[in-house]
Amino acid sequence: MNVIDSSAWLEYFGDGPNAGEFADAIADTGQLIVPAITLVEVFKRIRVQRDLDAALYAVAHMQSGRVIDLDAHLAIAAAELSAESGLPMADSVILATARREGATLWTQDSDFKGMEGVEYRAARGRNRGVRSRMSSGQ
């Protein structure tokens, strides 16, 4: 099972230098877990940087995986992770989701570097924004 962090989704949709690092995990929709909070983060960023249609396209693509809503148990697990590690709220929800589902978390967010169950890829240069992959319709 795989969880893709918002930073990795944005890198993928923006066709950034690390997009290929996440492409296989994203393409394997049978193994793809999507924390609902990543829909919020990705939709908002693409909506601001591009437009409504591109944002809707992105979240439709993301929903090809299994979306996990935030329930009370997951919220408490995320709060505990945040208290222990200092992770921001959204990051703690994403990591708690991955751990509950027994999934690997794919990211380029340095807040996760060195954590168990995380495949971290250091960001390489500045990506080209969310326009590239979105414009080509991939």
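Residues numbered from 1 in each chain as written. Predicted model: local features only at pLDDT ≥ 70, side-chain atom pairs only at ≥ 80, totals over all residues. Heavy atoms only, no water.

**Details of the packing of aromatic side chains**
As a reminder, the rule being used: Between 30 and 60 degrees the pair is tilted, below 30 it is stacked and above 60 it is edge-to-face, where a pair is any two Phe, Tyr or Trp rings, Trp via its six-membered ring, whose centres lie within 6.5 Å. Think of it this way: any DSSP run of H or I at least four residues long counts as a helix, any run of E at least two long counts as a strand, and we number them from the N terminus. Per-residue accessibility, obtained with a 1.4 Å probe over protein chains only, is compared with the maximum for each type, and a residue is labelled buried under 20%, exposed over 50%, and partly exposed between these values.
For the structure shown, the criterion picks out two aromatic pairs. Ring centres of Trp-9 and Phe-13 lie 5.6 Å apart, and the angle between their planes is 15°; on these two criteria the pair is classed as stacked. Taken together, the residues Trp-9 and Phe-13, both in helix H1 (residues 6-13) and four residues apart, mark about one turn of the helix. A relative accessible area of 1% places Trp-9 in the buried class. The buried category is assigned to Phe-13, whose relative accessible area is 0%. Look at Tyr-12 and Phe-13: their rings are 5.5 Å apart centre to centre, the planes differ by 65°, and that puts the pair in the edge-to-face class. With respect to class, Tyr-12 is no different from Phe-13; both count as buried. Taken together, Trp-9, Tyr-12 and Phe-13 form an aromatic cluster joined through their ring pairs.

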